Amino acid sequence: MREAASGARAGSPPPRILSVVGTRPEAIKMAPVIGALRRRGGCDHRLALTGQHTELVDQVLDIFGLEADYDLELMKPGQSLYDIGHACMDGLREVAEDFRPDVTIVQGDTATVFFAGLVTFFQQGSLAHVEAGLRSRKKWSPFPEEMLRRMTDTVSDFCFAPTPEAADNLAGEGISAERIFVTGNTVVDALHQMRQRPVAVRDPSAAGLIAGRRRLVLLTAHRRESFGTPLEGVFRAVATLAERFDDVEVLYPVHPNPRVSGPARRILGGCARVHLVDPLDYSDLVAALARASLVLTDSGGIQEEAPAFGVHTLVLREVTERPEGVRAGAATLVGTDRQRLLAEATAHLSGRRPACPAGNPYGDGRAGERIADILLAELTAVPRRTRDWKPD
């Protein structure tokens, strides 16, 4: 590991740690790390927002009591990956030159993550990657996330793998063992924290469904690789499902992208018991997950969250970089084929599939604590207090 990663020792100034967040999932999964660092103390920590998401990130920061030290506010209507990359690199270069962090922390597989990693590399700094090692092994699926995550792992000094399988992926790609740490996934930490402080559901439609008597199916679908015919197939299957089960309500927080919202409203807008709502804030989404009888999603994060509530997930993708849930029986890959999705959803709602197993294959709620512990042990003379996570 480079000398820059060895950081401060006794008698030196506290190490400088910069966390970079761009999207809501990053904010959710970084909040436990930031919280753990601040509880431990002994470092100068700052948070930078790129603004890849705006209001959605602000909601999460409010929930977890976090404030940004830097906000690049780069979000613009119709921006491309090129636009995001250019703005991220210019803005984060200024942040890095102002703060001069000993370590920069990123999370996941977004454009913010990759370009923050590239800036850190150009600055010859140390990079810590939370949720390293997830792989679909398909270059274009999910696009562009699969390759953004892989390339970020390559330049990272600390690869915080959420599961042993993710760690094996990293080792198989030649990343040295001293750079790999198995921590569990920080999203489990975030869910534990949310359960300890329940709040009223803000969205009126979601509140009514959560309080109602009918079974709830939660749908989230927005990935680029599903645009067009695949996504339309999902929506037609959902319409048929709602007709087939009169004791089921479908809640769909619709992504604002016109290539999602357009066909969603055209196909599902007039369907009885299918409720199209604006994107839910995090606390509302957690409440919906806790109430759901079945989840249909192409989201990676929800694949990790749903097992915490004992609800089965039908994954609207052909491959997943989160196979642990499939192996544990908590998730089923169904893709976007209309008939396959309808058949699996019908089987689950008819009770012909086993219940979701207890426990979460993605973590134990202490990942943030482990990550903070590892970083501070590396940057200071304080020995580690925690051990790597092992699933039960």
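Residues numbered from 1 in each chain as written. Predicted model: local features only at pLDDT ≥ 70, side-chain atom pairs only at ≥ 80, totals over all residues. Heavy atoms only, no water.

### Observations regarding the sheet that holds strand β12 (residues 313-315)
The strand order across the open sheet built from six strands is β10-β9-β8-β11-β12-β13, with neighbouring strands paired in parallel fashion. Unpaired on one side and paired on the other, β10 (274-277) and β13 (331-333) mark the two borders of the sheet. Looking at each pair of strands side by side, their axes are set apart by 20 degrees on average, direction ignored. Running over the sheet, helix α8 (residues 204-211) touches β8 (215-220), β9 (248-253) and β10 and is turned about 150 degrees from β9. Sheet contacts for helix α9 (residues 229-244): β8, β9, β10 and β11 (294-297); angle to β8, the most-contacted strand, approximately 175 degrees. (Pairing = 2+ DSSP bridges. Helix = DSSP H or I, 4+ residues; strand = E, 2+ residues; numbered from the N terminus. Axes fitted to C-alpha atoms, helices over the stretch in contact; angles between N-to-C directions. Contact = heavy atoms within 4.5 Å.)

### So, a nonpolar patch on the surface
Side chains of Leu 81, Trp 140 and Phe 143 sit close together on the surface and give an oily, nonpolar patch of about 310 Å² of accessible area. Within the secondary structure, Leu 81 is located in helix α3 (residues 81-99). Taking the relative accessible area as the measure of exposure, Leu 81 reaches 32% and is therefore partly exposed. (Patch = residues over 30% accessible without salt bridge, like charges linked within 9 Å, V, L, I, M, F, W, Y side chains within 5 Å. Areas by Shrake-Rupley, 256 points an atom, 1.4 Å probe, with all protein chains shown as cover. Salt bridge = Lys/Arg side-chain N within 4 Å of Asp/Glu carboxyl O. Buried < 20%, exposed > 50% of the residue type's maximum accessible area, 1.4 Å probe, protein only.)

### Some points on the packing of aromatic side chains
Given two aromatic rings, one states the distance between the centres and the angle between the planes to describe the pair. Taken as a whole and judged by the stated rule, the model has eight aromatic pairs. Ring geometry for Phe 158 and Phe 160: centres 6.1 Å apart, planes at 20 degrees, overall stacked. Each member of the pair Phe 158 and Phe 160 is classed as buried. Between Phe 235 and Tyr 252, the aromatic rings sit 5.6 Å apart at their centres with planes inclined by 45 degrees, giving tilted as the arrangement. (Phe/Tyr/Trp six-rings, centres within 6.5 Å; stacked < 30°, edge-to-face > 60°.)

### Points about the packing of α9 against helix α10 (residues 258-268)
The interhelical angle for the contact between α9 and α10, taken along N-to-C directions, is 30 degrees, at an axis separation of 10 Å. Classified by the interaxial angle, the pair formed by α9 and α10 is roughly parallel. Crossing of α9 over α10 shows right-handed handedness. Residues Leu 231, Glu 232, Phe 235, Arg 236, Val 238 and Ala 239 of α9 pack against Arg 259, Val 260, Pro 263, Ala 264, Arg 266, Ile 267 and Leu 268 of α10. Across the contact of α9 with α10, the residue classes break down as nine nonpolar, no polar and four charged. (Parallel < 35°, antiparallel > 145°, perpendicular 65-115°, else oblique. Left-handed = near helix turned anticlockwise from the far one by under 90°. Nonpolar A, V, L, I, M, F, W, Y, C, P; charged D, E, K, R; others polar.)

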